[in-house]
Amino acid sequence: MIWWITFICAMIIPSIMLCCGLLMWKRPPRKINGFIGYRTTKSMKNEETWKYAHDFCGKLWTALGAAALIISAAVIGPFYHASEKTVAIVALVTGITQFAVLLTSVIPTEIALNRTFDNDGIKRR
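Summarised in this report is the structure supplied together with it. (Residues numbered from 1 in each chain as written. Predicted model: local features only at pLDDT ≥ 70, side-chain atom pairs only at ≥ 80, totals over all residues. Heavy atoms only, no water.)

Looking at helix α3 (residues 47-76)
An α-helical turn contains 3.6 residues, so a residue and the one three or four places further along point in the same direction.
Stage number 1. The terminal C-alpha atoms of α3 lie 42 Å apart, and with 30 residues this matches the ideal 44 Å at 1.5 Å per residue to within 8%.
Stage number 2. Among all positions of α3, only Thr49, Trp50, Ala53, His54, Cys57, Gly58, Trp61, Thr62, Gly65, Ala68, Ser72 and Ile76 are buried.
Stage number 3. Taken together, the buried residues of α3 touch α1 (2-10), α2 (12-26), α4 (84-104) and α5 (106-116). (Helix = DSSP H or I, 4+ residues; strand = E, 2+ residues; numbered from the N terminus. Expected span 1.5 Å × (residues − 1). Buried < 20%, exposed > 50% of the residue type's maximum accessible area, 1.4 Å probe, protein only. Contact = heavy atoms within 4.5 Å.)

Right, here's the structure in full:
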């Protein structure tokens, strides 16, 4: 029973990344706001940077979320008959890794924004 609970919990972060990635990519927030969406100083400069950031990060999260679902299932799967302690450790390491991937996805998005736009949010030629 604990394995199934752990398995379901391990699928939460990748599922959220996949769903939110698809939403950001296909249906981003229409207006710049401080409540929902990819909100950084650079992404909120203007409508163009806002759309670009959501497109880039949405595609990234979609890919990372799908990959994380597969990898997480492959990592946890073999521990079906393992002890509760072992399953808990595997789940903890998996969860920390997933969260780190989620947080570090900001880095390539900000790099892409900086390569595409100047400090005033004007597209580079």
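Picking up after the structure, the text goes on.
Some remarks on α1
Stage number 1. Turning to α1, its buried residues number three or more, namely Trp3, Thr6, Phe7 and Ala10. Projected onto a plane normal to the axis of α1, the buried residues spread over an arc of 100° and lie on a single side.
Stage number 2. Those residues of α1 that are buried lie in contact with α2, α3 and α4. (Arc of directions from axis to C-beta.)

Focus: the packing of aromatic side chains
Stage number 1. In the structure shown here, the tally under the stated rule is seven aromatic pairs.
Stage number 2. Judged by centre distance (6.2 Å) and plane angle (75°), the rings of Trp4 and Phe7 are edge-to-face. Linking Trp4 with Phe7, this pair stays in helix α1, spanning three residues, or about one helical turn.
Stage number 3. Given a relative accessible area of 45%, Trp4 falls into the partly exposed group.
Stage number 4. Relative to Phe56, the ring of Tyr52 lies with its centre 6.3 Å away and its plane at 20°, an arrangement referred to as stacked. Note that Tyr52 and Phe56 are positioned in helix α3 at a spacing of four residues, about one turn of the helix.
Stage number 5. One aromatic cluster is present, formed by Trp3, Trp4, Phe7 and Tyr80 through successive ring pairs.
Stage number 6. Directly above the ring of Trp25 sits Lys26, whose terminal nitrogen or CZ lies 4.2 Å from the centroid. (Phe/Tyr/Trp six-rings, centres within 6.5 Å; stacked < 30°, edge-to-face > 60°. Lys NZ or Arg CZ within 6 Å of the ring centre and 35° of its normal.)

Describing the packing of α3 against α4
Stage number 1. Interaxial distance between α3 and α4 falls to 11 Å at its minimum, and their mutual angle equals 170°. It follows that α3 is roughly antiparallel to α4 by the angle criterion. On α4, the residues that touch Trp61, Leu64, Ser72, Val75 and Ile76 of α3 are Val90, Thr94, Gln98, Val101 and Leu102.
Stage number 2. Taken together, the residues that form the contact of α3 with α4 break down as seven nonpolar, three polar and no charged. (Axes fitted to C-alpha atoms, helices over the stretch in contact; angles between N-to-C directions. Parallel < 35°, antiparallel > 145°, perpendicular 65-115°, else oblique. Nonpolar A, V, L, I, M, F, W, Y, C, P; charged D, E, K, R; others polar.)

That is the geometry; function is a separate question.
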